[in-house]
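Reading the structure
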Amino acid sequence: MRVSIDGGTTFKDATTTDTDWSLTNVSLTSSNELQVKVVDAAGNDSPIKRQAYTLDTAAPTQTISDFKFSADTGKSDSDLYTNIGVQTISGKLTRTLAGGEVLQVSADDGATYRNATTTGIDWSLANVTLLNGIERVTNLYLKVVDAAGNEGPTDSVYYLYIPTLTWYRDWE
């Protein structure tokens, strides 16, 4: 198996196993054509298979402008203090997502992310289990990821979940 990443100017030997192949130690350019051919023992080339590619290294610039819990039981309905451990988290984006972009949300200090649902600039994520705030400082992390896997800036906001505490809205 021979592979060209520069539109057929040069070909390199690929590593093959069964029906898979790989090529290591290559640097892709911003865009070009990938070409693949099989060469038999006698040196005969198969027809070349071609695929154009574009290397996308630009991260999204989208940010999140609003966060809220479905059951915020703190002093206000927007302070992200609650005694309810499973929430729908929602908010607003600064602009609509571009094609192939997703908003990812983490309520476990960035250990895992889930894709939120977006409609226009509105977003939400249901059935989010919050970390107990008695044991640690807890943050929501949100980021936009594009189809190429480039991550935009991570927005974070502190939240407090204490299951045993009763909040009073009239605390001063």
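Preceding this paragraph is the structure being described.
The model shown is predicted, which means the values in this text are computed figures rather than measured ones.

Attention now moves to the packing of aromatic side chains. Applying the stated criterion to the full structure yields two aromatic pairs. Centroid distance Phe-69 to Tyr-159: 5.9 Å. Interplanar angle 75 degrees. Geometry classified as edge-to-face. Placement of Phe-69 in strand 7 (residues 64–69) and of Tyr-159 in strand 15 (residues 155–161) is noted, with a sequence separation of 90 residues between them. The two residues Phe-69 and Tyr-159 agree in class, both being buried. The interplanar angle of 85 degrees and the centroid separation of 6.4 Å between the aromatic rings of Tyr-81 and Tyr-158 together place this pair among those described as edge-to-face. Here Tyr-81 is found in strand 8 (residues 81–82), whereas its partner Tyr-158 is found in strand 15, with 77 residues between them in sequence. Here the basic side chain of Lys-37 rests over the ring of Phe-11, its NZ or CZ set 4.1 Å away from the ring centre. Across the ring face of Tyr-113, the terminal group of Lys-143 is positioned such that the distance to the ring centre comes to 3.9 Å.

In this section: the nonpolar core. One finds Leu-103, Trp-123, Leu-142 and Tyr-159 to be the most contacted residues of the largest nonpolar core, which totals 20 residues. Breaking this core down by element, the ones donating at least two residues are strand 7, strand 9 (86–93), strand 10 (102–106), strand 13 (122–129), strand 14 (138–145) and strand 15. Discounting residues that sit within four places of it in the chain, Leu-142 has contacts with Ile-64, Phe-67, Leu-103, Gln-104, Val-105, Trp-123, Pro-153, Thr-154 and Asp-155. Listed in part, the six residues of the second largest apolar core include Val-3, Ala-14, Leu-23 and Tyr-53.

Conventions and cut-offs
Residues numbered from 1 in each chain as written. Predicted model: local features only at pLDDT ≥ 70, side-chain atom pairs only at ≥ 80, totals over all residues. Heavy atoms only, no water. Phe/Tyr/Trp six-rings, centres within 6.5 Å; stacked < 30°, edge-to-face > 60°. Helix = DSSP H or I, 4+ residues; strand = E, 2+ residues; numbered from the N terminus. Buried < 20%, exposed > 50% of the residue type's maximum accessible area, 1.4 Å probe, protein only. Lys NZ or Arg CZ within 6 Å of the ring centre and 35° of its normal. Core = buried A, V, L, I, M, F, W, Y, C linked by side-chain atoms within 4.5 Å. Contact = heavy atoms within 4.5 Å.

Function cannot be inferred from these measures alone, as they are strictly geometric.
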